[in-house]
Structures are given as structure tokens and as C-alpha cells.
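# Structural overview for review
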Amino acid sequence: MNVLTGHTCHGATGWPKLNFTTLPCHQHQPSPRQYRRRSLSTMASLSPPIMVNSCTGKMGHATAEAVVRAGLQLVPISFTGASEAVAVGNVGVSGIPVELVHPGERQSAMESVKAQYPGLVLIDFTLPSVVNDNVAFYARNKIPFVVGTTGGDREKLMQDARASNCYAVIAPQMGKQVVAFQATLELMAKEFPGAFSGYKLEVTESHQRQKADTSGTAKAVVASIAKLGAPITEDEIVKVRDASTQMESIGVPEEHLSGHAFHTYRLTSADGNVEFVFQHNVCGRSIYAEGTVDAALFLANKVQEKSEQRIFDMIDVLKAGAMR
Ligand SMILES: NC(=O)C1=CN([C@@H]2O[C@H](COP(=O)(O)OP(=O)(O)OC[C@H]3O[C@@H](n4cnc5c(N)ncnc54)[C@H](O)[C@@H]3O)[C@@H](O)[C@H]2O)C=CC1
Ligand SMILES: O=C(O)C1=N[C@H](C(=O)O)C[C@H](O)C1
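Since we're looking at a predicted model, the values are computed, not measured.

## A closer look at the UniProt feature "domain: Dihydrodipicolinate reductase C-terminal" (unreviewed entry) in the protein chain
When the UniProt feature table is mapped onto this chain numbering, "domain: Dihydrodipicolinate reductase C-terminal" (unreviewed entry) sits at residues 178–318. Regarding residues 178–318, the helix share stands at 41% and the strand share at 22%, and the terminal C-alpha atoms are separated by 11 Å.

## Focus on the sheet that holds strand S8 (residues 200–207)
Pairing is mixed across the open sheet formed by four strands, whose spatial order is S9-S8-S10-S11. Edge positions in the sheet fall to strand S9 (238–240) and strand S11 (275–283), since each has one partner strand and no second. Going from strand to strand, the sheet's axes swing by 10 degrees on average, the running direction of each strand aside. Pairing geometry for S8 and strand S10 (residues 260–268), over eight bridges, is antiparallel. Across the sheet, the residue bridging to Ser206 is Phe262, located in S10. Along the sheet, helix H7 (residues 176–191) contacts S10 and S11; its crossing angle with S11, the most-contacted strand, is approximately 155 degrees.

## Points about the pairing of strand S1 (residues 50–53)
Residue alternation in S1 divides its side chains into two sets, Ile50 and Val52 and Met51 and Asn53, and both sets are buried. Two strands pair when backbone bridges link them, and S1 and strand S5 (residues 121–124) are joined in this way by four bridges, in the parallel orientation. Among the inter-strand pairings, Val52 is bridged to a residue of S5, identified as Ile123.

## Side note on the domain arrangement of the protein chain
What the domain assignment lists for the protein chain is domain 1 (46–174 + 287–319) and domain 2 (176–285). For domain 1 versus domain 2, the distance between C-alpha centres works out to 27 Å. Every contact between the two is made by 15 residues of domain 1 and, on the other side, 20 residues of domain 2. Surface buried jointly by domain 1 and domain 2 totals about 1400 Å² across both partners, of which 68% is contributed by carbon and sulfur atoms. Applying the counting rule to domain 1 against domain 2 returns zero salt bridges. Summed over the shared surface of domain 1 and domain 2, the result is seven residue pairs in polar contact (both at pLDDT 80 or more). Elements with a minimum of two residues in the side of domain 1 that touches domain 2: helix H2 (58–69), helix H10 (286–304) and helix H11 (314–319). Tallied by class, the residues present in the side of domain 1 that touches domain 2 amount to eleven nonpolar, three polar and one charged.

What counts, and at which threshold
- Residues numbered from 1 in each chain as written.
- Chains lettered and ligands numbered in written order.
- Predicted model: local features only at pLDDT ≥ 70, side-chain atom pairs only at ≥ 80, totals over all residues.
- Heavy atoms only, no water.
- UniProt positions renumbered as here; feature names shortened; annotations may be inferred.
- Helix = DSSP H or I, 4+ residues; strand = E, 2+ residues; numbered from the N terminus.
- Pairing = 2+ DSSP bridges.
- Axes fitted to C-alpha atoms, helices over the stretch in contact; angles between N-to-C directions.
- Contact = heavy atoms within 4.5 Å.
- Buried < 20%, exposed > 50% of the residue type's maximum accessible area, 1.4 Å probe, protein only.
- Domains from an automatic or database assignment.
- Buried area = accessible area lost by both parts, 1.4 Å probe.
- Salt bridge = Lys/Arg side-chain N within 4 Å of Asp/Glu carboxyl O.
- Polar contact = N/O pair within 3.5 Å; in protein donor to acceptor, adjacent residues only side chain to side chain.
- Nonpolar A, V, L, I, M, F, W, Y, C, P; charged D, E, K, R; others polar.

See the structure below:
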């Protein structure tokens, strides 16, 4: 990781005013594709400053880079774990030195970030062990936030987010095509509940060795498949973290051992004569980083339009046509 020193000055910019076009008469109504283009260009005209916690982590760093790539303003301050804040001090993101803030100093840092960056959106890619505390902190500070971090006490996390009245996107999966797969399963479950009754479900997820929790995406997909009639418990999801199994049995390329997500969901009929296999294999992290930027822009748009709904997931973002 590129460690830099010094400071970059980012002036606090307000958001440009949104220019909502009124709906045209019926015969000139835009096609869904035109709607999607319009919605994306409207969101692209928003330019919320974005703060990523934590830029020292693999996903946080990839997301901060995606923020810069999208031409958005990256707040050059990031909350991080106690040890990194002390040992590293600051971290370079695409040439921008980002100052790291110790958990014990985050409230005073938040006050100055709030004052300096109106229209701020926070992004959280931290750890299952700290995500609840972070969400409670964002909620107390009344800042819109996107949470990609998995694990923790999800029920409490959702309760805290709802009670705060903040705008938030919370989802264990930010990759557009995987979100589309999740949305399709949800639709199938809604239209054809119990379609896979009697089928046996087996789920395997393989990730880099450091991933502590069971995949949040796998848990969400399992919840959708349960509605289709093939429930299993979260403990039955097989977690693969060892390199030789990953390369030899699962087919993970060696260069992606440190960053991959290979998921297989296998449904087998009771008599063994019918099998369905759903699989999504992702190498690297850019698919999530790009989707997270889409989520932040979507959220800024919801704040701007004073949306009644305040808590969203990535299926909402996808349905809004807000994913590039
Ligand atoms: N929603 C999605 O699409 C995706 C979600 N994830 C999730 O994102 C999370 C992070 O994953 P990685 O980046 O691979 O982990 P990582 O271990 O590389 O990074 C975690 C970071 O959190 C920081 N941290 C620890 N305590 C903190 C605190 N109190 N405040 C702020 N930062 C703190 C650490 O310093 C570290 O830099 C995991 O839960 C993972 O499952 C990962 C990929 C995609
Ligand atoms: O930790 C990861 O890497 C990933 N985490 C998310 C999850 O837990 O589902 C998304 C993806 O699998 C990558």
C-alpha cells in the first residue's frame, strides 16, 4: 500500500441543484432504458463528498479509489482500527493522502468533517466486530451512510439504522450482477413460493483466508431460497478458507487467493433426478467498489429529494436504475 505524507486541500462544495424533468405525455414516455440513462445522468450531476471507513482495509481502499475514479470528492480523512491509526498515520489513495483517525478521536474528527463537507455521505467497509458500533455512531451523528460491511448483530444494526431516521443503504453485496441475481431469486420466491419444496440445498462459499465471517451474500441468498421451499441453517453453509482446496477443488486462480468470492448453491430433488446449480464467482474487488459508489450517489439523491423511505438495500438501488 502506498503511504504518503502531507495534505491535499479539498474545498467544500455544495451540491449542484437537481434538474428534474416533468413527466412527458403518454406517447412520449421514455423507455425503461431512457429512464435509466436519465436517472444515471441525474445522479452523476450530484457530487456529494464521500468519506470511506476504512481506507486501510482491502474493500475500503478499493472503494476510495473508485470514488476518485468517478471524479467525486474523497474526504481525506478515514476512521480506522486503533493499531493502524497509530502505526500508519495516513494512507495514499490514488495519490491523495488520507489521514487516519483512531476510534477514540472519531467524534471530534466527525465534527470538523461535518462542518467542512456539507452533503457528506459515509461508506463503511470495516469489520463484523465493529460494524454495530460504527452504525450507532453514524446514526448519532445523523449522516447518510452506506454499509457494505457484513456480519455483526444484523437485527440490531437494522433497528439502530431505522430508529436514527438517517438515510442509509445497507447490503452484504454491492456487485451489480450479483444483486440482479439476488433480486431474481426474491422475485421467483414471491411469484412461486415453495417451488423447490422437497429439494436439498447445499451451499459453499470460498473467500480469502482473512475473511472471518460466513458470507453475508450467501446468508441472504439462503434466506431467499428458504422462501422457495428449501431451507437450511446458516451453520450449514460451507466456508472454504484454505488455499489448496480453493485452487484444487474450487478453481480459484492462485493470483486471486487474496481477494475472491466463489459461491455455489446446489439444489437437488428428493429422488436425485433433478439438479439446479447457481454459481457466482468473483475475482478481485472492483465489482463491489463500483457498486458502492452507485449506492452513495443513489443515497445523496434520496436525501436531496427528501424521500420518505430512508433505509434501502442494493436491490432498491438496482431497481432505481442507479447502477452503472
Ligand atoms: N457488501 C459487499 O459487496 C462487500 C462486503 N465486504 C465486507 O466488507 C468488510 C471488510 O472487508 P475487507 O476490506 O476485506 O476487510 P479488511 O480486514 O481488509 O479491512 C477491515 C478494515 O477495518 C478497519 N477497522 C477496524 N476497526 C475499525 C474501527 N473501529 N473503525 C474503522 N475501521 C476499523 C481495519 O483497520 C481494516 O483496515 C467485511 O465485512 C466484508 O465481508 C467485502 C467485499 C464486498
Ligand atoms: O469479504 C469479502 O470479500 C466479501 N464479502 C461479502 C460477503 O460476505 O458476502 C461479499 C463478497 O462475497 C465479498
